[in-house]
Structure formats: C-alpha cells, structure tokens
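# Geometric and topological summary
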Amino acid sequence: MADRQGSPHARLDGRVVLVTGAARGIGAATGRRLAADGARLVLADLDGPGVEKVAAELGQVAVQADVTRRDDVERMIDEAYNRWGRLDVLFNNAGVIRVQPLLEVTEEEWDRVLDVNLRAVFFVLQAAARRMVRQDPMPGSELRGKLIQTASIAAYRGGNSLMTPYSASKAGVVSLTRSAAQSLAPYRITSNCVCPGAVDTEMWHQIAREWGALEGRSPDEVWQRRIAPIPLGRPETPDDVSRVVAFLAGPDSDYMTGQALNVDGGLVMGN
Ligand SMILES: NC(=O)c1ccc[n+]([C@@H]2O[C@H](COP(=O)([O-])OP(=O)(O)OC[C@H]3O[C@@H](n4cnc5c(N)ncnc54)[C@H](O)[C@@H]3O)[C@@H](O)[C@H]2O)c1
C-alpha cells in the first residue's frame, strides 16, 4: 500500500468526490476542505449560480442538479465518470428543513422534506453504488468506493415537536446508511454518515426565523438558547463537519463502515 504519511493536505490524493448541496453551508465548506486535501470534485446543487461560484473559486467542476430528479442524478454522476473515469466518494449532503408544529404538518410539507432528505439520498446513493460496484478499487486501497451521508442529531433527538418530518427523514438516513454498509460490504464499498448538531449555516438561520415566529422570540434568542447547552461551549461551524467528512473520505477510515458519527460538540452522547 502506498505511503500516506505525508502532508495533511494531500490525504485525498486525487480521489474523485461528488458533493451534493455544495453551493453553501456544510457542502461548500467540505468542497473547500476536500480540494485542499487534493481531491478532484464534482460540486452539485439546485442553486446553479451558487455552486458555479464555489467551483470557480476551487478550480473544480460544477453541476446544477436537483437531487430529487433521477435524470439530474445520473447527469451529476456521469460528470465524474466522463471526466475522470470513476467516482471514489459520494458526499450525499443536500437537505431541507421546515419548522412546524406536528399538528400542522401537511402532506405537501411531509413529502417535500422526505423527498429531498430521504428518498433522494437513497436514490443518489443507489445510483453512485451501481457504478462503483463495476469499477476497480481506488488506487492504494482495497475499497471500490465510499458513501458518506449527512444525517443529523435530530435522528436521535427531535429536540421538540417542531421538526417531526425532518427528524424522521434523518433517522431514515442513519438506517439506510447501515443497510448500505451491510449490502455493499461484499463489493468493498463503505457507507457512513455524519450527524451534525447546530451548525451556523443558512439552514439554521431559517430554523431560527421560523421557530422564533412560532414562539414570539427573536431568531437570535432561539439560536442562543440552542447553543447554550453545547458542552464544548461554542456553536458548530461548517468546518467542524468538513474535517470529519475529510476523514471519512480519506484512507484513515477505510476500515469503518455502518457508522453514524455525531459531530455536535457533545450535544448528544451516544445514539
Ligand atoms: N445546519 C445545521 O445545523 C445542520 C445540522 C444537522 C444536519 N444538517 C444537514 O446538513 C446538510 C447541509 O445543510 P446546511 O446546514 O449546509 O444547509 P444549507 O441550507 O446552508 O445548504 C443546503 C444546500 O442544499 C441545497 N439543496 C437543497 N435542496 C436541493 C435539491 N433538491 N437538489 C440539490 N441541492 C439541494 C441548497 O440549495 C443548499 O445549497 C443538510 O442535509 C442538513 O439537513 C444541518
């Protein structure tokens, strides 16, 4: 096996990674981190101009794609195979949320959240895995590919009744991460997920606005109340997550599969 003890910024050594939800937040931060670590990236997002901007900054490839559309999913995976002949790592990260009391959740809202956060996560994973099973192992590794999902600590702790569809979708992501780990291990494909806590991104700003409006509090008050109990004493940044995704994408985690890693400053301990 190749010596991988070198610079911390060459850990991904040309691995080809597809990142969904890459226009901002955790996806964009992870794109930046993986590029710095030497990965070749396809960055995909519903927000075409946003993802173009991140890709241009990094000298990587952008694809405007809606992960809920099967043709878009094939197109973003084709991009990796057409350019580099393989896809080593999928970072299956795009997601949406809506803050709403359980009694007011409509079928439309349930479907929208589950469609992006669970149904699309499964079919993106499946589409990537169908190609990965046919490719040779990654250079210097026994693995053919690695699948990494973004779940959430909401999978274990809904927190309150205001995120019922979201929490259910993320519990589903943990479950399908483990099913994929079992099903794809014979092909030497691993599957793991990260469970972030309260990350300072546009998604949390939306949560704070919607939650605040329901409870008559300012968004800042909602945010302060959410971060106050974090044992490590500060809010989470997108880079706190990107560093763990870089570890899961790189060779040091090649013997890990079926794991859900809480990256939350200690908000939830265990699962
Ligand atoms: N922010 C948090 O506190 C937090 C906590 C736990 C988990 N997460 C999860 O992390 C992931 C990233 O969230 P974030 O905080 O960076 O949010 P964000 O809203 O900043 O970014 C999400 C990105 O996903 C894209 N996206 C949404 N729907 C899409 C679709 N149908 N097709 C393609 N792209 C689509 C958006 O355009 C956006 O660029 C999500 O899965 C989210 O559920 C976030």
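The structure this text deals with has already been given above.
If you're wondering where the values come from, they're calculated on a predicted model, not measured in any experiment. (Residues numbered from 1 in each chain as written. Predicted model: local features only at pLDDT ≥ 70, side-chain atom pairs only at ≥ 80, totals over all residues. Heavy atoms only, no water.)

Right, let's get into the overall build of the chain. Secondary structure summary: the chain contains eight helices and seven strands in total. At 18 Å, the chain has a C-alpha radius of gyration in line with the 18 Å of a compact globule built from 271 residues. Considered along the principal axes of its C-alpha atoms, the chain spans approximately 55 × 40 × 35 Å. Across the 271 residues of the chain, 52% fall into the buried class. Restricting to contacts in the chain with at least 6 residues of sequence separation, those with at least 24 account for 70%. Just so you have it, the chain exposes about 12000 Å², and 51% of that area is on carbon and sulfur atoms. Between the centroid of the 31 positive side chains of the chain and the centroid of its 34 negative side chains there is a distance of 4 Å. (Helix = DSSP H or I, 4+ residues; strand = E, 2+ residues; numbered from the N terminus. Rg over C-alpha atoms; globule rule 2.2 N^0.38 Å. Buried < 20%, exposed > 50% of the residue type's maximum accessible area, 1.4 Å probe, protein only. Contact = heavy atoms within 4.5 Å. Areas by Shrake-Rupley, 256 points an atom, 1.4 Å probe, with all protein chains shown as cover. Lys, Arg positive; Asp, Glu negative; His and termini not counted. Charge placed at Lys NZ, Arg CZ, Asp CG, Glu CD.)

It is worth spelling out the nonpolar core at this point. Membership of the largest hydrophobic core comes to 56 residues, with the highest contact counts inside it found for Leu18, Met76, Ile77, Leu87, Leu147, Trp204 and Trp211. When contributions to this core are tallied by element, the ones reaching two or more residues are strand S1 (16-20), strand S2 (40-45), helix H3 (70-84), helix H4 (107-132), helix H5 (164-184), strand S6 (189-196), helix H6 (202-215) and helix H7 (219-227). Sequence-distant contacts of Leu147, that is, excluding residues within four places in its chain, are made with Leu90, Leu125, Ala128, Met132, Leu184, Ile189, Thr190, Ser191 and Asn192. If you look at the next biggest cluster of nonpolar residues, it comprises 25 residues, including Val51, Ile148, Ala246 and Val263. (Core = buried A, V, L, I, M, F, W, Y, C linked by side-chain atoms within 4.5 Å.)

Throughout the structure, instances matching the rule amount to 21 salt bridges. Taking the shortest distance from any N to any O, the salt bridge between Arg69 and Asp72 comes out at 3.9 Å. Through salt bridges with shared partners, one network takes in Arg69, Asp71, Asp72 and Arg75. (Salt bridge = Lys/Arg side-chain N within 4 Å of Asp/Glu carboxyl O.)

Turning to the environment of Ile189, a few remarks are in order. Within the fold, Ile189 resides in strand S6. For the pair Ile189 and Val73, spaced 116 residues apart in sequence, the C-alpha separation works out to 19 Å. Those residues within four positions of Ile189 in sequence are excluded, and the remaining contacts are Ala129, Met132, Val133, Arg144, Gly145, Leu147 and Leu184.

This part is about the environment of Ala65. Mapped onto the elements of the fold, Ala65 is located in the loop between strand S3 (61-64) and H3. For the pair Ala65 and Gln224, spaced 159 residues apart in the sequence, the C-alpha separation amounts to 34 Å. If we ignore the near neighbours within four places in the chain, the residues touching Ala65 are Ala44, Asp45, Leu46, Asp72, Arg75 and Met76.

The environment of the ligand is made up of 28 residues, and the closest members are Asp45, Asn93, Tyr166, Val199 and Thr201. In the model, a nitrogen atom of the ligand is placed 3.2 Å from a nitrogen or oxygen of the Leu46 main chain. Those elements that provide at least two residues to the shell around the ligand are helix H1 (25-36), H5 and H6. In terms of residue class, the shell around the ligand is built from 15 nonpolar, eight polar and five charged. (Near = heavy atom within 4 Å. Polar contact = N/O pair within 3.5 Å; in protein donor to acceptor, adjacent residues only side chain to side chain. Nonpolar A, V, L, I, M, F, W, Y, C, P; charged D, E, K, R; others polar.)

In this section: unusual backbone geometry. Here the phi dihedral of Asp13 falls at roughly 40°; this positive angle occurs in a residue that is not glycine. Its identity is not glycine, yet Arg188 carries a phi of approximately 60°, on the positive side. Within the secondary structure, Arg188 is located in the loop between H5 and S6.

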